[in-house]
Amino acid sequence: MFSYIIQGILQGLTEFLPVSSSGHLTLFQYFTGSHNHDANMLTDIALHFGTLLAVIFFFRADLMPYFTSSGWKDAGRRRLALLIVLGSIPTAIIGLVFKDHFEALFSMPMAVSAALFVTGMLLLASEKLKKSTRQSELYDFSGYRAAIVGLAQGLAITPGISRSGSTIATSLLLGLKGEDAARLSFLLMIPAVGGATLLEAKDLFEVGLPATVDAVGLALGAIAATVTGFLSLKFLVYIIREQKLSYFAYYLFLISVTSMILIQFAGK
């Protein structure tokens, strides 16, 4: 049970902070020896559901008007919905076509560690280069640029490549303002993570549930992911506003190099 709570906290922190939740969970499961694929799949579904609840609640002001007829009359909201659709298309294509190829990397912790280093480089580059880029508001963001951000999100299916890190960094490099980059990133996350979680659930039911399921542990893990996820969102918005993404880059360099050393020389 305690392991589920730890994984929930880890998921909540790393799903939204630009440090790759999949990379951290893969390394955590590798170093702790928890390699039961079906059990891990069920855990992933529960924890992703928890973080999905967190982002929906955080952006409830953006989402609720779409459930009313008056909300769709606003041109800005229709524009935002179009950007989310255009950004979700390349994500869906990559996820459906290359899902199995990327999932194979979950069993390659050295590759995951290297991907964490790549995420750090991307964050560092976005903070250094965005200063020379003309910044725009979200509602002025073009459709093709939203599609490029969606492409970056699709490639982040690679464990170790942060979904939020890649989409926020790409948005910044394409000229979107900091807080709007975070807003676009996490609104794009809702259909992406929601769809991926449904596909994982479908795969799990096809192979069957694990023989033993700790329902209480899964529930506590999901709650931990929701609470820490919400707090992480608030923290990340502050970090982006203060232009401190490089802090996460240095953290990723440390985790990446440390993991590589442990894998190579500690007999893991």
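Residues numbered from 1 in each chain as written. Predicted model: local features only at pLDDT ≥ 70, side-chain atom pairs only at ≥ 80, totals over all residues. Heavy atoms only, no water.

J.: Break down a nonpolar patch on the surface for me, with residues and values.
T.: Among the surface-exposed residues, V85, I89, I93, L96, V97, F98 and L199 lie close enough to one another that they form a single nonpolar patch of about 640 Å² accessible area. Sorting elements by how many residues they give to the nonpolar patch places helix α5 (residues 75-103) first, with 6 residues. Considering the arrangement of structural elements, one finds V97 in helix α5. V97 sits in the exposed class, given a relative accessible area of 52%. (Patch = residues over 30% accessible without salt bridge, like charges linked within 9 Å, V, L, I, M, F, W, Y side chains within 5 Å. Areas by Shrake-Rupley, 256 points an atom, 1.4 Å probe, with all protein chains shown as cover. Salt bridge = Lys/Arg side-chain N within 4 Å of Asp/Glu carboxyl O. Helix = DSSP H or I, 4+ residues; strand = E, 2+ residues; numbered from the N terminus. Buried < 20%, exposed > 50% of the residue type's maximum accessible area, 1.4 Å probe, protein only.)

J.: Explain helix α7 (residues 143-155) to me, and be specific about the residues and the numbers.
T.: An α-helical turn contains 3.6 residues, so a residue and the one three or four places further along point in the same direction. With 13 residues, α7 extends 19 Å between its outermost C-alpha atoms, agreeing within 8% with the 18 Å of an ideal straight helix rising 1.5 Å per residue. Residues of α7 that are buried: G143, R145, A146, V149, G150, A152, Q153 and G154. (Expected span 1.5 Å × (residues − 1).)

J.: Account for the environment of A249, naming residues and giving values.
T.: Within the secondary structure layout, A249 lies in helix α11 (residues 246-265). We classify A249 as buried; its relative accessible area is 0%. In this structure, the C-alpha to C-alpha distance between A249 and I94, residues 155 residues apart in sequence, is 26 Å. Ignoring any residue separated from it by four or fewer positions in sequence, one finds A249 in contact with G120, L123 and L124. (Contact = heavy atoms within 4.5 Å.)

J.: If you had to explain the pattern of salt bridges to someone new, which residues and values would you point to?
T.: Here the structure, examined in full by the defined rule, presents 3 salt bridges. A salt bridge links E137 to K177; the nearest nitrogen and oxygen atoms lie 2.8 Å apart. Placement of E137 in the loop between α6 (109-129) and α7 and of K177 in the loop between α8 (163-173) and α9 (178-207) is noted, with a sequence separation of 40 residues between them. What makes K177 partly exposed here is its relative accessible area of 33%. A salt bridge links R241 to E179; the nearest nitrogen and oxygen atoms lie 3.0 Å apart. Note that R241 is positioned in helix α10 (residues 215-241) and E179 in helix α9, a separation of 62 residues in sequence. Among the residues examined, R241 registers a relative accessible area of 43% and is labelled partly exposed.

J.: Explain the nonpolar core to me, using residue names and the numbers behind them.
T.: Counting 45 residues, the largest nonpolar core has V55, I168, L184, F186, L236 and F248 as its most contacted members. Broken down by element, this core gets its largest block of residues, 9 residues, from α9. When sequence neighbours within four positions are dropped, the list of residues in contact with F248 reads L17, P18, V19, L123, F235, L236 and I239. In terms of nonpolar packing, the next biggest core, distinct from the first, is built from 8 residues, Y4, L42, I45 and A201 among them. (Core = buried A, V, L, I, M, F, W, Y, C linked by side-chain atoms within 4.5 Å.)

J.: Kindly report on the packing of α7 against α8, identifying the contributing residues and their values.
T.: Contact pair α7 / α8: the axes reach a minimum separation of 8 Å and the direction vectors enclose 155 degrees. In this view, α7 runs roughly antiparallel relative to α8, as classed from their interaxial angle. Of the two possible hands of crossing, α7 and α8 adopt the one that is right-handed. Residue-level contacts link I148, V149, A152 and Q153 of α7 to R163, S166, T167, T170 and S171 of α8. Looking at the contact of α7 with α8, its residues break down into 3 nonpolar, 5 polar and 1 charged. (Axes fitted to C-alpha atoms, helices over the stretch in contact; angles between N-to-C directions. Parallel < 35°, antiparallel > 145°, perpendicular 65-115°, else oblique. Left-handed = near helix turned anticlockwise from the far one by under 90°. Nonpolar A, V, L, I, M, F, W, Y, C, P; charged D, E, K, R; others polar.)

The values reported here are purely geometric and, on their own, carry no functional implication.
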